[in-house]
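For reference, the chains in residue letters:
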Amino acid sequence: MTFRMLRRLTQQSYLLGRFRGAVQEARLDAAFATAERLLDLEPTPATFEELVRPLDRATSSAAHLRLYDLLRALEQDDRAAHRPWALLFRVALLERLGWYGEALRLSAGFERLPERYGWMRHARAMMLLNQLQAYDEASRELDATLRAAPSFWKARAMLAECALCQGHEAEAFALMDQCVDQLAAAERHEAIAWRGELHLWLGRYGAALAELAPGMANASPYALIWGGAAHLLMGEHDRALAALDHAARVAPGDAEIYVWRGEAYERLGQPERAVVDFDRALGMMGMVVWPRVGRALAKAHLGDAAAAIADFTALPARARALFEWRTGTRIDGDARAAVEVLLAMREAARGIRRSEQYLEVLWMKRT
């Protein structure tokens, strides 16, 4: 690493700290000014990733009144110099507060911003995927993101996910290969692990492990999680638990760890320990489907039919109806019948235990 690059990284790290502090304290003028300075420093992919998600996701629900105060202040700010950042923050706040349709409509304004801010379209791409499963429209936003910020390689990795969801496997892996080929060592390992995850989703567990092994050796959290999942689905339960325990030590805030580890315990006939992990995953943000599937199976193994049916009933209605139809099973409060449907869901999912709706096309197939 050259001295110039090291100096740039150090400056960005310092300014990101100032940016996060200003956002946390609702000092918008300072946050926007600091963000502009960051854009002048040829942002790294990690910097772009933080800028495009400016709100701290760990903020408690008790702070929502303060978020509304911030939203009102932004809506009253018509200064031209603030316009791009005010738009980004308004979109982020609306999404955070649950006004998803309004956030998506407002995000169309990113297209009218100067090219300097074109990377903000990544935020719209993710909403198009998560809310509408609109892969073509999201891909156009991700292409625009890359034109504005060619170094933001995670936009290209998301393009690969869009391609995979549309059944274009060769294109998906070609895009991931581009990510790997263009990156320096540290980020290359992350891209290789991401490529391994795609193999995991497709049920290619040996190929996934081949990609994930280097990251597992270096204690990369994602590699440990997905590598543990691959070991589990290959029937290597001890290796799976070792990897997932390691992941829980280095990244205890990632809900996917507890989904996979709970499943490992459940498959090993330890439903009590499984329930503890599924409960923990359910208490964390954004993981609704698979903790409930796992906990329902564990509760059924414990003989708690009412709890198993409660978790089954809490699953999205379209998923329940589809897999009841596919298995030819009627539940009617029968926990044994529910277990049959739940196992069919998990088999169809292969290596997917993320609950984002745009990934449903990979396992919730109507044919």
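Refer to the structure printed above.
Here goes a summary of the coordinates provided. Since the model is a prediction, treat every value here as computed from it, not as a measurement.

1. Things to note about unusual backbone geometry
Now for step 1: Backbone geometry at Q133 places phi at a positive 50°, although glycine is not the residue there.
Now for step 2: Relative to the assigned elements, Q133 resides in the loop between α7 (121-132) and α8 (135-148).
Now for step 3: One non-glycine residue, D332, adopts positive backbone phi at about 45°.
Now for step 4: Inspection of the secondary structure assignment puts D332 in the loop between α19 (317-327) and α20 (335-349).
Now for step 5: Judged by its relative accessible area of 65%, D332 is exposed.

2. A look at helix α12 (residues 205-217)
Now for step 1: The end-to-end C-alpha separation of α12 is 17 Å, in line with the 18 Å expected for 13 residues at 1.5 Å each.
Now for step 2: Taking the largest bend as the criterion, α12 deviates by roughly 40°, centred on E211, and proline P214 comes between one and four positions later.
Now for step 3: Considered for burial, the residues of α12 that qualify are Y205, A208, L209, E211, L212, G215 and M216.
Now for step 4: In this structure, the buried side of α12 is in contact with α11 (185-201), α13 (221-233) and α14 (237-250).

3. Quick notes on the pattern of salt bridges
Now for step 1: In the structure shown here, the tally under the stated rule is 29 salt bridges.
Now for step 2: The network of salt bridges with shared partners includes E263, E266, R267, R346 and R353.

4. Let's talk about the nonpolar core
Now for step 1: Counting residues in hydrophobic clusters, the biggest one holds 132 residues, and the most contacted among them are W85, W119, W290, F323, M345 and W363.
Now for step 2: Beyond its immediate sequence surroundings of up to four residues, W363 is in contact with W290, A319, F323, R326, M345, A348, A349 and I352.

5. Thoughts on the environment of V276
Now for step 1: Relative to the helices and strands, V276 resides in helix α16 (residues 271-282).
Now for step 2: On the basis of relative accessibility, which here comes to 54%, the residue V276 falls in the exposed class.

6. Concerning the side chain of Q12
Now for step 1: As for its position among the elements, Q12 is in helix α1 (residues 3-24).
Now for step 2: A polar side-chain atom of Q12 sits 2.5 Å from a polar atom in the side chain of T47.
Now for step 3: Discounting chain neighbours no more than four positions away, the residues touching Q12 are L38, L41, E42, P43, T44 and T47.

7. Things to note about a nonpolar patch on the surface
Now for step 1: A contiguous nonpolar patch, built from L65, Y68 and W99 and spanning about 350 Å² of accessible area, is present on the exposed surface.
Now for step 2: Within the secondary structure layout, W99 lies in the loop between α5 (83-96) and α6 (100-107).

8. Quick word on the packing of aromatic side chains
Now for step 1: The tally for this structure, following the rule as stated, stands at 10 aromatic pairs.
Now for step 2: Ring geometry for W153 and W194: centres 5.7 Å apart, planes at 65°, overall edge-to-face. Of this pair, W153 sits in helix α9 (residues 153-165) while W194 is found in helix α11, placing the two residues 41 residues apart along the sequence.
Now for step 3: Given the relative accessible area of 12%, W194 is considered buried.
Now for step 4: Taken together, a centroid distance of 5.8 Å and an interplanar angle of 25° make the contact between F323 and W363 stacked. Note that F323 is positioned in helix α19 and W363 in the segment after α20, a separation of 40 residues in sequence.

What counts and what doesn't
Residues numbered from 1 in each chain as written. Predicted model: local features only at pLDDT ≥ 70, side-chain atom pairs only at ≥ 80, totals over all residues. Heavy atoms only, no water. Helix = DSSP H or I, 4+ residues; strand = E, 2+ residues; numbered from the N terminus. Buried < 20%, exposed > 50% of the residue type's maximum accessible area, 1.4 Å probe, protein only. Expected span 1.5 Å × (residues − 1). Bend = angle between axes of the 7 residues up to and from the residue. Contact = heavy atoms within 4.5 Å. Salt bridge = Lys/Arg side-chain N within 4 Å of Asp/Glu carboxyl O. Core = buried A, V, L, I, M, F, W, Y, C linked by side-chain atoms within 4.5 Å. Polar contact = N/O pair within 3.5 Å; in protein donor to acceptor, adjacent residues only side chain to side chain. Patch = residues over 30% accessible without salt bridge, like charges linked within 9 Å, V, L, I, M, F, W, Y side chains within 5 Å. Areas by Shrake-Rupley, 256 points an atom, 1.4 Å probe, with all protein chains shown as cover. Phe/Tyr/Trp six-rings, centres within 6.5 Å; stacked < 30°, edge-to-face > 60°.

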